Amino acid sequence: MERLKQILQRIDGKGYKAYRDIAGSYAGDGFVLHIDHVQADPFAAPSRIRVAFGGKEAAADPEWLHTRCRRIAVEDFFARSIADSIRRHGVRPVGHGKSGMIAVDRPGQEVLPRTAVKVEEHGIEVRLSVGLPAAGRTVLGKEAARMLCESVPAILRQALFRYDRTRLRAHWELADQQEAIRAFLQARGYAAFVANGSVLPRESGISDRPMQGREAVPFRSPASLEVEIPLPHREPIRGMAIRNGVTLIVGGGYHGKSTLLKAIERGVYNHIPGDGREYVITDDSACKIRAEDGRRVEKVNISPFISNLPFGKDTRRFSTEDASGSTSQAANIMEALEMGTKLLLIDEDTSATNFMIRDARMQALVAKRKEPITPFVDKVRKLYEQHRVSTILVLGGSGDYFHAADTVLMLDEYEPVDVTEEAKRIARRLDDGRKPEGGDSFGDVTPRVVLPGSFDATRGKREKADAKGLSKIVYGTHEIALDLVEQLVDPSQTRAIACMLTALAKTYADGRTTLREMVDRLYAAVGEQGLEAVSPYDGHPGDLALPRKYELAAALNRLRTLNVKG
Ligand code: ADP
Ligand code: MG
């Protein structure tokens, strides 16, 4: 570190480019500082550093490393701890541009595998972004020395060695419990679990934090759907388990249907203690499906739902630059099936009506041969029986699904009631008069082969694949819009998707491999080498969080240059 101080002293007052000289590794007291990437100017993307602590103090508690999910939880805990420590330290800008900033990739309500902190048997490595201080474009060497040699080590020591041990233990014990619930659901044929006492509503439409105070009605399972699950580190937990099959969530407007579905949709991820949804666990292959008119679709077989389009347009290899509500929803389902989902989640609020239902009167008025759409109501049962793909559906506006459902759940002032028997009785008594459509079989899910070169990130002489916030990726000369990909939850996942797309383009797309195999292979590599493997910053793992395969595929499917064989 003395050497670093000397360099900083020497370049003090020089042009910003002189900062290049500090790239390299420096040994400090109990740690090594690696300056991997030095920003080109004070306004450019910040510099990237790593700090690796070793020695007895930094050795991992062997318990932390027992399972993958524990390690992820412990790394997540330290990332939060570092973010808190940075805030408490009162880090302030000291010059122009990003001068003086110190940042770690701070997690949100979900616990995701991320590259911010790496816990290993013999030490902990932290990955940070820093803004090297400048006045105008002049190096502020003294400020840089204070930041790198004093603030950063002090902040990290505080976060890594003086944390609340009880809270860390609670953090990974919860991860064990969440994993136990997932295993229970899988073994017993359940799609989702919502524990009694869970707080599902959020603080506001723009906040992911739990609703506070007495107005939040805690979840309570109907007796008929209640199960008890034995958990490690605590007494067994009770709550509502939704069986595989077709489940309807009905009830009056504003009674909490969408809120329940939203919580289930997020249950593919683990949440932090105190989130309110930490014991809401869903089959982690679940895909939220919605209408998304305007999206591009590339040669997707949507024929299970749509055929006989005007002018004989092919629906076995359906492409469009501008999908309608129903065709986009059909494509979203077929793409999710192509990736191997076992659970679809659908909300009437964000569905195309003509995709969901077509009642007897409309069947009488518009002849089947004039209607390209076979509504989901005619397919939902076959999807389960023939492909073992379950559906959880929010539907307050039509009883036409009663006969197709295994379970009907009614929300009454946020309280779920099992109304399955009653719904079945009503379905028998009041015939819907519909003629079933769409034949006896669900239809085929057709794998697609992506052509290499169809998602090339070059832009001029350079390669460009950058995330802009949560929902946008600039890829080559195009933009990918992910606003309606609802299970993408963290901007660091979006950053990872940008990197993973270039990895797919470069290494995995060979013109023979199917989209799903290609994504599976990439995830296998990431499973072995970590997300670091896809980071574009030499030697620095970046600020990435692992997305699910489904969201990566969703990004690829929305890329306007994507080209599929055939
Ligand atoms: P629906 O889909 O049935 O029309 P929503 O799920 O959109 O209803 O919920 C309506 C409102 O009620 C939202 O503002 C939501 O935050 C709130 N809400 C939902 N569940 C609860 C609950 N358990 N306790 C308190 N408020 C809730
Ligand atoms: Mg709703």
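Residues numbered from 1 in each chain as written. Chains lettered and ligands numbered in written order. Predicted model: local features only at pLDDT ≥ 70, side-chain atom pairs only at ≥ 80, totals over all residues. Heavy atoms only, no water.

Quick word on the packing of helix 3 (residues 68-89) against helix 4 (residues 141-161)
Turning to step 1, where the next piece is worked out: Look at helix 3 against helix 4: their axes get within 8 Å of each other, and the N-to-C directions meet at 130°. Between helix 3 and helix 4, the interaxial angle falls into the category oblique. Our pair here, helix 3 against helix 4, has a crossing hand that is right-handed. Facing helix 3, whose interface residues are F78, S81, I82, S85, I86, R88 and H89, helix 4 presents S151, A154, I155, L156, Q158, A159 and L160.
Turning to step 2, where the next piece is worked out: When grouped by side-chain class, the residues that make up the contact of helix 3 with helix 4 number eight nonpolar, five polar and one charged. (Axes fitted to C-alpha atoms, helices over the stretch in contact; angles between N-to-C directions. Helix = DSSP H or I, 4+ residues; strand = E, 2+ residues; numbered from the N terminus. Parallel < 35°, antiparallel > 145°, perpendicular 65-115°, else oblique. Left-handed = near helix turned anticlockwise from the far one by under 90°. Contact = heavy atoms within 4.5 Å. Nonpolar A, V, L, I, M, F, W, Y, C, P; charged D, E, K, R; others polar.)

Notes on the coordination of the magnesium ion (ligand 2)
Turning to step 1, where the next piece is worked out: Of the protein atoms, only S258 (OG) and D349 (OD) coordinate the magnesium ion (ligand 2), at distances of 2.1 to 2.2 Å. Separated by 91 residues along the polypeptide, S258 in helix 6 (residues 257-266) and D349 in the loop between strand 21 (343-347) and helix 8 (353-356) bring together distant segments of the chain. (Donors = N, O, S within 2.8 Å, 3.2 Å for Na, K, Ca; no water.)

Details of empty space enclosed by the protein
Where empty space is left can be seen by rolling a probe of water-molecule size over the atoms.
Turning to step 1, where the next piece is worked out: Under the defined criterion, the tally for this structure stands at two cavities of 30 Å³ or more.
Turning to step 2, where the next piece is worked out: Here the largest cavity is characterised by a volume of approximately 240 Å³.
Turning to step 3, where the next piece is worked out: Taken together, 21 residues line the largest cavity, and the ones lying closest to its centre are K288, N332, Y550, A554 and R558.
Turning to step 4, where the next piece is worked out: Looking at the lining of the largest cavity, the elements with two or more residues in it are strand 18 (287-289), helix 7 (325-338) and helix 14 (549-558).
Turning to step 5, where the next piece is worked out: Among the elements that take part in the lining of the largest cavity, helix 14 stands out by supplying six residues, more than any other.
Turning to step 6, where the next piece is worked out: When the residues that make up the lining of the largest cavity are grouped by side-chain class, the tally is nine nonpolar, three polar and nine charged.
Turning to step 7, where the next piece is worked out: Quantified by volume, the second largest cavity comes out at close to 40 Å³.
Turning to step 8, where the next piece is worked out: Lining the second largest cavity, in full, are V300, N301, M334, E335, E338, V445, T446 and R448.
Turning to step 9, where the next piece is worked out: Considering every element that reaches the lining of the second largest cavity, the biggest residue donor is helix 7, with three residues.
Turning to step 10, where the next piece is worked out: Taken together, the residues of the lining of the second largest cavity break down into three nonpolar, two polar and three charged. (1 Å grid on protein atoms, 1.4 Å probe; cavity = no way out; pocket = protein on both sides within 12 Å on 5 of 7 lines; lining within 4 Å. Points joined across faces, edges and corners; volume = space filled by probe spheres on them.)

Regarding the layout of surface pockets
Turning to step 1, where the next piece is worked out: Approximately 1000 Å³ is the volume attributed to the second largest pocket.
Turning to step 2, where the next piece is worked out: What lines the second largest pocket is a set of 36 residues, and nearest its centre among them are A465, D466, C499, P536 and Y537.
Turning to step 3, where the next piece is worked out: Counting only elements with at least two residues in the lining of the second largest pocket, the list comes to strand 2 (31-37), strand 26 (462-463), strand 27 (465-467), helix 12 (491-508) and helix 13 (515-529).
Turning to step 4, where the next piece is worked out: Tallying contributions element by element places helix 12 first for the lining of the second largest pocket, with eight residues.
Turning to step 5, where the next piece is worked out: A per-class count over the lining of the second largest pocket returns 18 nonpolar, six polar and 12 charged.

A word on the site of ligand 1
Turning to step 1, where the next piece is worked out: V217, Y254, K257, S258 and T259 are the nearest of the 14 residues found near ligand 1.
Turning to step 2, where the next piece is worked out: Backbone polar atom of Y254 to an oxygen atom of ligand 1: 2.7 Å apart, as the coordinates give it.
Turning to step 3, where the next piece is worked out: Separating an oxygen atom of ligand 1 from a backbone N or O atom of H255 is a distance of 3.2 Å.
Turning to step 4, where the next piece is worked out: Protein coverage of the free-state accessible area of ligand 1, which is 560 Å², stands at 80%.
Turning to step 5, where the next piece is worked out: Tallied by class, the residues present in the shell around ligand 1 amount to six nonpolar, six polar and two charged. (Near = heavy atom within 4 Å. Polar contact = N/O pair within 3.5 Å; in protein donor to acceptor, adjacent residues only side chain to side chain. Areas by Shrake-Rupley, 256 points an atom, 1.4 Å probe, with all protein chains shown as cover.)

Describing the packing of aromatic side chains
Turning to step 1, where the next piece is worked out: Here the structure, examined in full by the defined rule, presents 12 aromatic pairs.
Turning to step 2, where the next piece is worked out: Both rings, one in F53 and one in F161, keep their centres 5.4 Å apart while their planes meet at 85°; by these two values the pair is edge-to-face. In this pair, F53 is assigned in strand 3 (residues 47-53) and F161 in helix 4, connecting sequence segments 108 residues apart. In this structure, F53 and F161 share a single accessibility class: buried.
Turning to step 3, where the next piece is worked out: Members of the aromatic cluster, each reached through a chain of ring pairs, are W64, F77, F78 and Y163.
Turning to step 4, where the next piece is worked out: K379 extends its terminal NZ or CZ atom over the ring of F442, reaching a point 5.7 Å from the ring centre.
Turning to step 5, where the next piece is worked out: The positively charged end of R388 is found above the aromatic ring belonging to Y384, 4.5 Å away from the centroid. (Phe/Tyr/Trp six-rings, centres within 6.5 Å; stacked < 30°, edge-to-face > 60°. Buried < 20%, exposed > 50% of the residue type's maximum accessible area, 1.4 Å probe, protein only. Lys NZ or Arg CZ within 6 Å of the ring centre and 35° of its normal.)

It is worth stressing that arrangement in space is one thing and function is another; only the former is reported here.
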